[in-house]
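Residue-level structural notes
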Amino acid sequence: MDNLITGRVRVVGDSVTTDAMYPASAMKMPVPEAAKHIFYELRPGRTDQVTAGDIVVAGRNFGLGSSQPVAELFRELGTAALIAEEFNSLFLRNCINHGLPALTAPGATKAFTDGDTARLDFAEGWAENTATGTRLNGGALPPPVLDILAAGGTLPRLAREGYVPTPTAHGR
């Protein structure tokens, strides 16, 4: 994983739950089909507008709720990274486990609007709106987390080191 990522921004608000991201109707679907339903409750048809490399920007309490594998769905859509003013800790850990970079950056929803371009540096811990030059300082991700992200997630990292068999695509 490159520690510096640039992508088009898609903004959502505060207190977005995992249920709003991954509706119950999609849970028995294969991952590629389920991914098309991310945020369906908030913005039906949103995934038709998503392109690989997009960055989701969220407000506070992003990812409240159960431990659903939403990060896997974001990866399936090609989402490059997440920025939030505040992540639910379990959701943040799931992002890391699935190899989805996530940066906490207070003020993110004020600094970005849909369609802006963001640049993020996870090793240094900042996000920047390239149009306005606004830079938000978050927390740099520690080297062990950067290593997990570079490997594509926890299971690929453990497989790389010989602790577990190589994971299969969409294995749940």
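Conventions and cut-offs
Residues numbered from 1 in each chain as written. Predicted model: local features only at pLDDT ≥ 70, side-chain atom pairs only at ≥ 80, totals over all residues. Heavy atoms only, no water. Helix = DSSP H or I, 4+ residues; strand = E, 2+ residues; numbered from the N terminus. Rg over C-alpha atoms; globule rule 2.2 N^0.38 Å. Buried < 20%, exposed > 50% of the residue type's maximum accessible area, 1.4 Å probe, protein only. Contact = heavy atoms within 4.5 Å. Lys, Arg positive; Asp, Glu negative; His and termini not counted. Salt bridge = Lys/Arg side-chain N within 4 Å of Asp/Glu carboxyl O. Polar contact = N/O pair within 3.5 Å; in protein donor to acceptor, adjacent residues only side chain to side chain. Arc of directions from axis to C-beta.

1. Examining the overall build of the chain
In terms of regular secondary structure, the chain is built from seven helices and seven strands. Listed N to C, the secondary structure of the chain is β-α-α-β-α-β-α-β-α-β-β-β-α-α in terms of helices and strands. For a compact globule of 172 residues, the expected C-alpha radius of gyration is about 16 Å, and the chain comes in at 15 Å, within 12% of that figure. Projecting the C-alpha coordinates of the chain onto the three principal axes gives extents of approximately 45 × 35 × 25 Å.

2. Remarks on unusual backbone geometry
Not every positive phi belongs to a glycine, and Ser15 is a case in point at roughly 55°. Inspection of the secondary structure puts Ser15 in the loop between strand 1 (4-11) and helix 1 (18-21). You will see that Asn61, though not glycine, has its phi angle at about 60°, which is positive. Looking at where Asn61 falls in the secondary structure, it is placed in the loop between strand 2 (55-58) and helix 3 (70-77). The partly exposed category is assigned to Asn61, whose relative accessible area is 26%.

3. What to know about helix 3
Taking burial as the measure, the eight residues of helix 3 include six buried ones, the bulk of the element. Every buried residue of helix 3 is listed here: Val70, Ala71, Glu72, Leu73, Phe74 and Leu77. For helix 3, the secondary structure elements touched by its buried residues are helix 1, helix 2 (31-34), strand 2, strand 3 (81-84) and helix 4 (89-97). Note on helix 3: the residue one or two positions beyond its end, Gly78, has a positive phi of about 90°.

4. Brief notes about the side chain of Asp116
Here Asp116 lies in the loop between helix 5 (108-111) and strand 5 (117-121). Among buried Asp, Glu, Lys and Arg side chains, Asp116 stands out as unpaired, with Arg8 the closest opposite charge at 10 Å. At 2.8 Å, the side chain of Asp116 and the backbone nitrogen of Thr113 are in polar contact. In contact with Asp116, other than residues within four places in its own chain, are Gly7, Arg8, Val9, Ala111 and Asn129.

5. Some details on helix 6 (residues 143-151)
Taken together, the buried positions of helix 6 are occupied by Val145, Leu146, Ile148 and Leu149. Relative to the axis of helix 6, the buried residues are bounded by an arc of 160° and lie together on one face. Seen from the buried face of helix 6, the exposed residues on the opposite side, beyond 90 degrees, are Pro143 and Pro144. At its buried positions, helix 6 is contacted by helix 4 and helix 7 (154-160). The positive-phi residue at the C-terminal boundary of helix 6 is Gly152, with phi of around 95°.

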